[in-house]
Each structure stands twice: as structure tokens, then as C-alpha cells.
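Residue-level listing of the chains:
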Amino acid sequence: MVSMKSKISHYFASMALLSGFLLALTGIVYALSVNLTRRSDPGEIAITYGFIGFGLSLILTGINLMIKNPKEYHLHIVGTGLVLNFIGIGAFLALYPQGYPVWVYPNVTYVAAVYAAGVCLLAGNAFANTVLIQIEERARQLSEIESEKIKSHSEDEIEKEVQRTLENALTNKDGFSKFNMALKDTEYDFILGKGLMESEKKVTVRDDIPEVENLKFASTGKHVALDEGLDSTSLLLARATSTPSRGKQTKGIFNSKTKFFRRH
Amino acid sequence: MAKGLDVGTMNIICATKGNGSISFSQQRNAFLEMESNDLTKQMLDNGRVLYTQRGSIINVLGEDAFKFANVFNKHIRRPMKQGIISPEEKDSIPMIKLIIERVLGLPEKKDELLYISVPANPVDNQLNVLYHGKTVEAIASKLGYVTCPIDEGLSVVYSELGESNFTGIGISVGAGMTNVTVAYMATPIVSFSIARGGDWIDEQVAIATGMAKERITSIKETDFSLCGEHDLGSVQGALAVYYDALLTYVLQHLKRKLSETAPPDAEFQVAIAGGSTRTRGFAELFERRLKETDLPIRISGVKKNRFNTSGTDSKDPLYSIARGCLIASLSKEASLNPASSPSSEAHSSRSSSHKPEPVVVSNKS
């Protein structure tokens, strides 16, 4: 839902833009009506460029205010740009009609620089914000596409796929031939020494080989666990549910009433 | 009960589960040819030396072959070379069959499960491991076992990286080969081998120093450490140089293989195993070289195995592969017969008869 503040902001921006266009148009129409040339009256030139200058400032301000979700210090920059433009135009209107020796270097340069700085601030801010918004929008779109792709495989499907791969890796004889070479019964063509008739010595070491259980767990995803707590709780629950009326028969006044009714 | 078998170039080791323990039976995969006479035979019989006799030739098997080779300055013969059955050795298959039969023994029940470690195909050699794997499987099948091959590097992951949910890099530096497997949640991602190992180090040092290879092997196993300083021109110095060269070579290949895949974003622990990693200071040198190699995965650390010369520790890197095979075997057996799984046995022994069945908890919740 669009807030009142946002509506006012949008209305204000539109008005500024429209006013800017009207002022600039007025300036152009005025210049045409007075047949403005460089030898025209300084007052006419000042009015013409005053209108156009104000109009351009308002157009840029309107564009800036129309930007949605602007960056930090946006309004500060717009305000500064607008103020610089007003100062520049004000100074132009004040100094230009006075002609020589007021409207000469360095005053002309100062006025032009102040106005140009204002225009640059407004135009640059609008451009930078627009580009940033475009980049963010594209990043958001890509992220949405990625998340759509991920959502297309459920967690269950991914887990099953991992499980299948692990099982295949452990059960298939990957890279090995399935051919079994059968050997003929052959006797040795040499005599075995006495030492070979005795059994082989063995080195026995303590080792519970916990890796067997871990490997089973890694390959099957199942772990056989002893849970005596769970077993005893289940047993208690089973006893409780199999004899539901025992408690009622032995307790309180209802028991006496039962006995009484039985007697009569 | 299921078993695990590590058929290595230097050692053949079988792991069997006992009651809260593992039994390892081990035999050197080597033999020495000697001239036979009555006195020699009597001496070997009295010393309980393992040997076979064919005519006037005696083949001394196992650890004693190395002892005799050092005493008589003779070259031992090896049924396997570079991780597979040696095509250059005519007696390789009968000898390896004899050693496997002795180490494995007969199955305790019908269709007993046996996981056998097989190397991955090497990346720096044209060797193919299929024939080797099938031959070893056939020998074990003939004894009555139901055999399953398992990648050697993966068996290291199973044995050593249970705490990190079987996610990590298992490296087995054996005598003939170095096997590497990168696994994620017990699933191999990258698996390869390098046709260089402890034997390659011995050969290079023997060439560099002009000593017999067997003597180099003996020095390497008894009087060598990668930690300290070495004398100029010493065998120990040459051994250190080639150990470092081997590690750099392995890590460069690992980096290249990882760059060809897209490993998951996880922390990988590194476990090193195999007889050639028993040298003191190996893990520290490996860790230094690993830090220098900029692998395209996150390494959480290097798991250092305790090494106990008394042979009373199943975490001895020599036993890691056989232990990993046993873990795979027990796990498979439990999945085939859930009732006979160790956890069920443990549970049933703890529970009295009136107690309910075990609760199966799934991780899918």
C-alpha cells in the first residue's frame, strides 16, 4: 500500500517537473517573441535565461524526486544542487544587466561555475541512482532465478540422490572387471620345508574397530542404537494403555458405591 | 568372520577380527635361491626357516630371505615389482600363491568375505593392474573366500579417516607403488597410483652410492631418520634426498589430478600409510612439502600414525591397508547379514532376553 508521504512526494516531484518544463518553455517562447539576439536588451536576455535556467533546475529536481528508494543523502544532494542553481541564476539576474565592468571575468566564471556545479549535482545524482537501481534490480532477478532453480529440487530429492551415489560407490565394483578367473587344481612342483607346515605366527592387538559402524552409517545412513530409556518408556506406556480401568475400581467413594449396588 | 588382505610388493598382510582385537599375520613377499645340501636343509629345518625345495635348489621365503641375502651378499627375488606381479620373475605366481595361502589360511566358514587391496592404475607408467588383481583374487577364491577388490588408497581412508567421516586423502607409500585416493564421505573422487615407492628410493640410492640394494633396504629400515643431519656422501643422506624427491613427485601429481576435477568444498584430512612411511620424520617432511604444494582443496591436517616397533599397535602404518580392507569387509558382511553385525552382537550380549529389539535410527530426519 502506497503511503501518504510517498503520494505527496510523487505529487511534489511531478509538479516540480511540470513547472520546470513550463518555465523553460516560457523562456523559449519569450525569446522568440522578442526576437532575442546577442545584441538584444540585457533585461530581455536576463529574463529569457532566467526562465530557462530555473526551468532546467526544476526539471532536474523533479527527476531526482521521482526516484524510488534513493540512496543515503539523496535529499541533501538535491537540495544543495537546487540552492547552487538558484544562487547562480540569482547572481546572473543581478549582475548581467549591469554590463561592463560588473559582468566580466572573474564574476562571469564564478556565476557559471556555481550554476554548473548545481546542474552537475542534480544530473549526476539522478544518473547514479538510476544506474544503482538497475544493478540492484538485475541482481535481485538473478537471485530469484537461482532460488527458483534450488526450489525445483526438494530436500528429500537431494538427500535421496546423495544416498544413491554413496550406495553405488560402496556396492559397485567401479573400475574393476567382474570376470572371475577360475584356477585348476594344481600341486606344487616343489617340496615344502618343515617351517611351512607349521601355522603362521600372528600379531594380535587391541582394536574395537569403531570405523565399521561409522562406515555402515556413511554408506546406509542408518545407525543401530541401543536406547534403553526409549524401550522402558514404551513398556510403561504399553502397560498403562493395556489396563485402563484398574485405577477406577480401587479408589474413592465410587468403589464403595459399586460394592453397595452389587450387594443389593 | 570376514578378513582383509593387503598384497604389497614387500609384505603380504592379512587382518582378522578377534574379540575386541585384530590379528595380523604378515609375511615378506620375497624369496632367496640357494644351493641345497643335507646340512643346509637340516639347518633350515632346525631354525624353522620357511623354504621350498625343487631338486637341488632351495628357495628361502619371507623375512629370512632378507637375512640370508645380507649374510651371503646375494640378491633376493621378488614375486612383485612396482605393485603388481612381476612379469620378469618366472616363479612369482607359485611363490605369491604359497605366501598368500600361508598368511590367509583357510576360511572359518563357507563363503567367507575377503577384501583384497589392489593398486590403482599408475599415472606415470603404462602398467595395468587388472591381471594382478584378478590373479590374487583367483588364489584367494580357490581357498574358498568370496573376494572383493578395494582400492589401496581407499582402504587407507577407511582405516585412518573414520573420525573425519571418511573424508580426506589416503596415501599409501609402499615398496613398489604409491597409491593416492581422495575420498568424500567414503566415496572416492580421485584415485591414482605412481609407479614409485620404497624400492625406487633403494634403487636410486644403490646407484648413487654403489652399494647393494638389499643393504640399502636394511639401512633404511634400521638406521635411518629424516629428522637429523647426515654425513656427506652417506647412504642416509642419499636416502633423504630420494625420499624428498618421491614426496615432491607424488604431491605434484596429486595437485595435477585435483586440478582436473571439481572437488567438493570441504576440509580434507590427509592420512599416510604403508611400510615406507615408517621412517622417522616422514610425516613431518610430508607436512612441510604439503604446505609448499598449493593444492586446490582445503587441508585440515596430516594424521600422524603412532609407530610402535614392538608390533602391538594396529595403527602401525604398515598394517593400515590390511585394517582398511578388514573394515570394508566387516562393513559389507554386516550389510549382507545385519543379524551378525558387531553392533548387534554387542547389543544382544548387553541386553537380556525380555528386552525389545534394537532401534534403527535413520539420519534422514
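Residues numbered from 1 in each chain as written. Chains lettered and ligands numbered in written order. Predicted model: local features only at pLDDT ≥ 70, side-chain atom pairs only at ≥ 80, totals over all residues. Heavy atoms only, no water.

A short note on the sheet that holds strand 12 (residues 178–184) of chain B
Residues and elements named next belong to chain B.
Okay, step 1: Within the open sheet, the 5 strands sit side by side as 13-12-11-14-15. Their pairing is mixed. The sheet is open, and its two borders are formed by strand 13 (187–194) and strand 15 (298–303), each paired with just one other strand. The average angle at which neighbouring strand axes cross in this sheet is 20°, direction not considered.
Okay, step 2: Sheet topology places strand 12 next to strand 13; 7 bridges connect them, and they run antiparallel. Bridge pairing links Thr-178 to Ile-194 in strand 13. (Pairing = 2+ DSSP bridges. Helix = DSSP H or I, 4+ residues; strand = E, 2+ residues; numbered from the N terminus. Axes fitted to C-alpha atoms, helices over the stretch in contact; angles between N-to-C directions.)

Some words on the sheet that holds strand 1 (residues 3–7) of chain B
Okay, step 1: Taken in spatial order, the 6 strands make up an open sheet running 2(A)-3(B)-2(B)-1(B)-9(B)-10(B), and their pairing is mixed. On the outer flanks of this sheet lie strand 2 (203–206) of chain A together with strand 10 (145–151) of chain B, each paired with one strand and no other. With direction set aside, neighbouring strand axes in the sheet form an average angle of 25°.
Okay, step 2: Strand direction decides the pairing type here: strand 1 of chain B and strand 2 (residues 11–17) of chain B, joined by 5 bridges, are antiparallel. Across the sheet, the residue bridging to Lys-3 of chain B is Thr-16 of chain B, located in strand 2 of chain B.

A few points about the packing of aromatic side chains
Okay, step 1: Enumeration according to the criterion identifies 10 aromatic pairs over all chains in this entry.
Okay, step 2: Measuring from ring centre to ring centre gives 5.5 Å for Phe-92 of chain A and Trp-103 of chain A, while their planes differ by 75°; the resulting arrangement is edge-to-face. One end of the pair, Phe-92 of chain A, is in helix 3 (residues 74–95); the other, Trp-103 of chain A, is in the loop between helix 3 and helix 4 (107–151), with 11 residues separating them in the sequence.
Okay, step 3: Plain terms: the ring middles of Tyr-158 of chain B and Phe-166 of chain B are 5.9 Å apart, the flat faces sit at 85° to each other, and that makes the pair edge-to-face.
Okay, step 4: Here the aromatic residues Phe-92, Tyr-96 and Trp-103 of chain A are joined through ring pairs into a cluster of three or more.
Okay, step 5: For Arg-28 of chain B, the ring lying beneath its charged end belongs to Phe-66 of chain B, and the centroid distance is 4.6 Å.
Okay, step 6: In this structure, Arg-196 of chain B packs its charged tip against the face of Tyr-249 of chain B, placed 3.9 Å from the ring centre. (Phe/Tyr/Trp six-rings, centres within 6.5 Å; stacked < 30°, edge-to-face > 60°. Lys NZ or Arg CZ within 6 Å of the ring centre and 35° of its normal.)

Here we look at the pattern of salt bridges
Charged atoms that come close allow side chains of opposite charge to pair.
All names here are of chain B.
Okay, step 1: Applying the stated criterion to the full structure yields 26 salt bridges over all chains.
Okay, step 2: Between Arg-289 and Asp-244 there is a salt bridge, with the nearest N and O atoms lying 2.5 Å from each other. Taken as a pair, Arg-289 in helix 9 (residues 282–292) and Asp-244 in helix 8 (residues 235–259) lie far apart in primary sequence, 45 residues in all.
Okay, step 3: A relative accessible area of 18% means that Arg-289 is categorised as buried. (Salt bridge = Lys/Arg side-chain N within 4 Å of Asp/Glu carboxyl O. Buried < 20%, exposed > 50% of the residue type's maximum accessible area, 1.4 Å probe, protein only.)

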